[in-house]
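# Structural overview for review
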Amino acid sequence: MRNGFDTIKTKVGTGFKEDVARIRAIREAVGPDVKIRIDANQAWSAKEALQIIERLNEFDIELVEQPVKAADIEGLEYVTKNSKVLIMSDESCFNAKDALRLAERRAIDVLNIKLMKCGGIREALKINAICETAGIECMLGCMAEETNIGITAAASLGAAVRNITRADLDATFSLSELPFEGGIGTECTKTLVLPEEPGFGFIGLK
Ligand code: MG
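Attention in this report is confined to the structure presented alongside it. (Residues numbered from 1 in each chain as written. Predicted model: local features only at pLDDT ≥ 70, side-chain atom pairs only at ≥ 80, totals over all residues. Heavy atoms only, no water.)

So, about the side chain of Thr80. For Thr80, the location among the structural elements is in helix α3 (residues 73–82). A distance of 2.6 Å separates a polar side-chain atom of Thr80 from the backbone oxygen of Ala107. Every residue in contact with Thr80, bar those within four places of it in the chain, is listed here: Ile87, Arg106, Ala107, Ile108 and Asp109. (Helix = DSSP H or I, 4+ residues; strand = E, 2+ residues; numbered from the N terminus. Polar contact = N/O pair within 3.5 Å; in protein donor to acceptor, adjacent residues only side chain to side chain. Contact = heavy atoms within 4.5 Å.)

Structure representation (structure tokens):
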């Protein structure tokens, strides 16, 4: 929060009591104005998800990522249609074909695009176009400890596309050094500043 962040994303799914204690502690620590996003990493059944999301939403949750198993699209749709909190897919969508299946049923409110998961910008643009058509906003995510090449590509995509309304691009913050010179650095700030140089702004190896 000291660095100006106004959103936190945290993992849940390790047990009802533990999850409640975790989210309560975070809400008490950050105050009412910070958004809390939670990622269940497929931990719950659809029915469990609805119960626990309702309880956790007493602490004001902005959205829930991947509440049910990746292949349980019916369950995902059930949770989305019955939850007051926004529901986002992660593991349920690797490519445009998956996105189409989710969009056709309106099984999600938001879709998490990761370049490392879908293969690159071309597939990401296809996923985003499907979502935009269906009225589903996208978030950009990343894999832990991605270098600045992946993060710079994702941030560039996010800056260029209107339907991408959220970003979870924090991988470089936890790295002490990066192998490539240029692009986005390791500085932990709310705003990712894109380089002025052509392309993704890489000059070479460090
Ligand atoms: Mg996730």
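That was the structure; now back to the text.
Here we have 7 strands laid out as an open sheet, ordered β1-β2-β3-β4-β5-β6-β7, and parallel in their pairing. Each edge of the open sheet is held by one strand with a lone partner, namely β1 (7–11) and β7 (164–167). In this sheet, neighbouring strand axes are inclined to one another by 30 degrees on average, regardless of whether the strands run parallel or antiparallel. With 5 bridges joining them, strand β5 (residues 110–114) and strand β6 (residues 137–141) adopt parallel strand pairing. Directly across from Asn112, in β6, lies its bridge partner Met139. Along the sheet, helix α1 (residues 16–30) makes contact with β1 and β2 (35–39), crossing β1 at roughly 160 degrees. (Pairing = 2+ DSSP bridges. Axes fitted to C-alpha atoms, helices over the stretch in contact; angles between N-to-C directions.)

Among the 5 residues of β6, 4 are classified as buried, and the element is accordingly described as predominantly covered. Pairing analysis gives 3 bridges linking β6 to β7, with the strands arranged parallel. Following the sheet pairing, Cys138 is matched in β7 by Ile164. Of the crossover connections in this fold, the one passing from β6 over helix α7 (residues 148–160) to the parallel β7 is right-handed. (Buried < 20%, exposed > 50% of the residue type's maximum accessible area, 1.4 Å probe, protein only. Right-handed = clockwise from strand over helix to strand, strands pointing away.)

One recurring pattern in soluble globular proteins: nonpolar side chains tend to sit buried together. Grouped together as the largest cluster of nonpolar side chains are 54 residues, with contacts concentrated most on Leu111 and Ile127. Examining the composition of this core, we find that 6 residues originate from one element, helix α2 (residues 46–56), more than from any other. When sequence neighbours within four positions are dropped, the list of residues in contact with Leu111 reads Met88, Ser89, Cys93, Ala99, Leu102, Ile127, Cys131, Ile136, Glu137, Cys138 and Met139. (Core = buried A, V, L, I, M, F, W, Y, C linked by side-chain atoms within 4.5 Å.)

This paragraph deals with the environment of Phe200. As for its placement among the helices and strands, Phe200 is situated in the loop between β8 (180–182) and β9 (202–205). The spatial distance from the C-alpha of Phe200 to the C-alpha of Ala153 is 6.6 Å, given a sequence separation of 47 residues. Apart from residues no more than four positions distant in its own chain, Phe200 is found in contact with Ile121, Thr152, Ala153, Ser156, Gly183 and Pro195.

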